[in-house]
Amino acid sequence: MITVLPYLAISMGLISSFHCVGMCGPIALALPVHKGTRTRQIAGVLAYNAGRALTYAMFGIVIGSLGASLAWLGVLRYASIAVGAGMLAYALWPAGLEQRLHMPLFWQKAINRLKQQMGFYLKRGDLPGMLLLGTLNGAIPCGMVYMALVSSVATGSSWGGGAFMALFGLGTMPAMLALGIAKQQFTPALRTRIRKLTPLLVAIAGIWLVARGVMTSYPDHSKPAAGITICR
């Protein structure tokens, strides 16, 4: 089942990208890359999206480290089942959960400061500025990114989690690149129709995580190995 992880990450990114178009679309549309040559436009949009993927990968390393700790304790399978069940609950009852989950005030203030910094890099317009803008935008709260992060726990390693989230970021790039370069093609009606696939993807990922937890056995490293005597 481990070989499913790359496909799951990219698939989540592809479907999530249309959610991103709706939520982060205004930022992508505001990128100062529509002036100049086509090469410069593409380079600017690539730098912005590479920055997002970099932030996702860094978060993935942190969450993957948590997965490694859970695997060492022998409880990763239970965490996988719990996370999958939570994703299924979100897919079946998204409005109910969103009403009960509120962002803490201190986190709201941090996000506002982050957005102010993003405005500074948005005005710069150069490639380093676009990269830093994407890096900061990757830290903006997003439900689909959270879904991918909790899925990356199942990798059970820091680098596995980083790779999972990097692939997720790669999956979001086609739609975001197209939005940044050919924005007139992404009508609100098209974005709405494709965004309806999001609950289906979340449900599939949740079922996969539950099945992974049920069918996969992990060694319990918290117990002493056979033949080893612990001196006291």
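Residues numbered from 1 in each chain as written. Predicted model: local features only at pLDDT ≥ 70, side-chain atom pairs only at ≥ 80, totals over all residues. Heavy atoms only, no water.

Quick look at helix H4 (residues 76-92)
Given 3.6 residues per helical turn, the α-helix brings residues three or four places apart onto the same face. The terminal C-alpha atoms of H4 lie 24 Å apart, and with 17 residues this matches the ideal 24 Å at 1.5 Å per residue to within 8%. Of the positions making up H4, those classed as buried are Leu76, Ala79, Ser80, Gly84, Met87 and Ala91. Projected onto a plane normal to the axis of H4, the buried residues spread over an arc of 130° and lie on a single side. Residues of H4 that are exposed and point more than 90 degrees away from the buried face comprise Tyr78 and Leu92. (Helix = DSSP H or I, 4+ residues; strand = E, 2+ residues; numbered from the N terminus. Expected span 1.5 Å × (residues − 1). Buried < 20%, exposed > 50% of the residue type's maximum accessible area, 1.4 Å probe, protein only. Arc of directions from axis to C-beta.)

Brief notes about the environment of Val214
Its place among the elements puts Val214 in helix H11 (residues 198-215). Residues Val214 and Ile81 lie 133 residues apart in sequence; the distance between their C-alpha atoms is 7.2 Å. With sequence-adjacent residues up to four places away left out, Val214 is seen in contact with Arg77 and Ile81. (Contact = heavy atoms within 4.5 Å.)

Focus: the packing of H4 against H11
With their axes 7 Å apart at the nearest point, H4 and H11 run at an angle of 160° to one another. Relative to H11, the element H4 is oriented roughly antiparallel. Taken as a pair, H4 and H11 cross one another with a handedness that is left-handed. Packed against H4, whose contacting residues are Arg77, Ser80, Ile81, Val83, Gly84, Ala85, Met87, Leu88, Tyr90 and Ala91, the element H11 presents Pro199, Val202, Ala203, Ala205, Gly206, Ile207, Leu209, Val210, Arg212, Gly213 and Val214 at the interface. When grouped by side-chain class, the residues that make up the contact of H4 with H11 number 15 nonpolar, 4 polar and 2 charged. (Axes fitted to C-alpha atoms, helices over the stretch in contact; angles between N-to-C directions. Parallel < 35°, antiparallel > 145°, perpendicular 65-115°, else oblique. Left-handed = near helix turned anticlockwise from the far one by under 90°. Nonpolar A, V, L, I, M, F, W, Y, C, P; charged D, E, K, R; others polar.)

A look at the environment of Val45
Looking at the element boundaries, Val45 is found in helix H3 (residues 38-73). Relative accessible area serves as the criterion here: at 1%, Val45 is assigned to the buried category. Linking Val45 and Leu127, residues 82 residues apart in sequence, is a C-alpha distance of 8.9 Å.

Digging into the UniProt feature "transmembrane region" (unreviewed entry) in the protein
Taken from the UniProt record, the annotation "transmembrane region" (unreviewed entry) applies to residues 6-32, 53-72, 78-97, 127-149, 161-182 and 194-211. As annotated, residues 53-72 has a helix share of 100% and a strand share of 0%, and its two end C-alpha atoms lie 28 Å apart. Across residues 127-149, the secondary structure splits into 78% helix and 0% strand, with the terminal C-alpha atoms separated by 28 Å. (UniProt positions renumbered as here; feature names shortened; annotations may be inferred.)

Some thoughts on the packing of aromatic side chains
A complete count under the given rule lists 2 aromatic pairs for this structure. Between the aromatic rings of Phe120 and Tyr121, the centroid separation amounts to 5.2 Å while the plane-to-plane angle is 70°, which identifies the pairing as edge-to-face. A residue is classified by how much of its surface remains accessible, and Tyr121, at 14% relative accessible area, is buried. (Phe/Tyr/Trp six-rings, centres within 6.5 Å; stacked < 30°, edge-to-face > 60°.)

Side note on the nonpolar core
In terms of nonpolar packing, the biggest core is built from 24 residues, with Met12, Met87, Val145, Phe164, Met165 and Phe168 touching the most fellow members. Elements represented by at least two residues in this core include exactly helix H1 (4-23), H4, helix H8 (143-152), helix H9 (158-181) and H11. No other element matches the 6 residues that H11 contributes to this core. Contacts of Met87, omitting those with residues within four sequence positions, involve Met12, Met147, Val150, Ser151, Val202, Ala205, Gly206 and Leu209. Grouped together as the second largest cluster of nonpolar side chains are 11 residues, Tyr48, Ile111, Leu114 and Met130 included. (Core = buried A, V, L, I, M, F, W, Y, C linked by side-chain atoms within 4.5 Å.)

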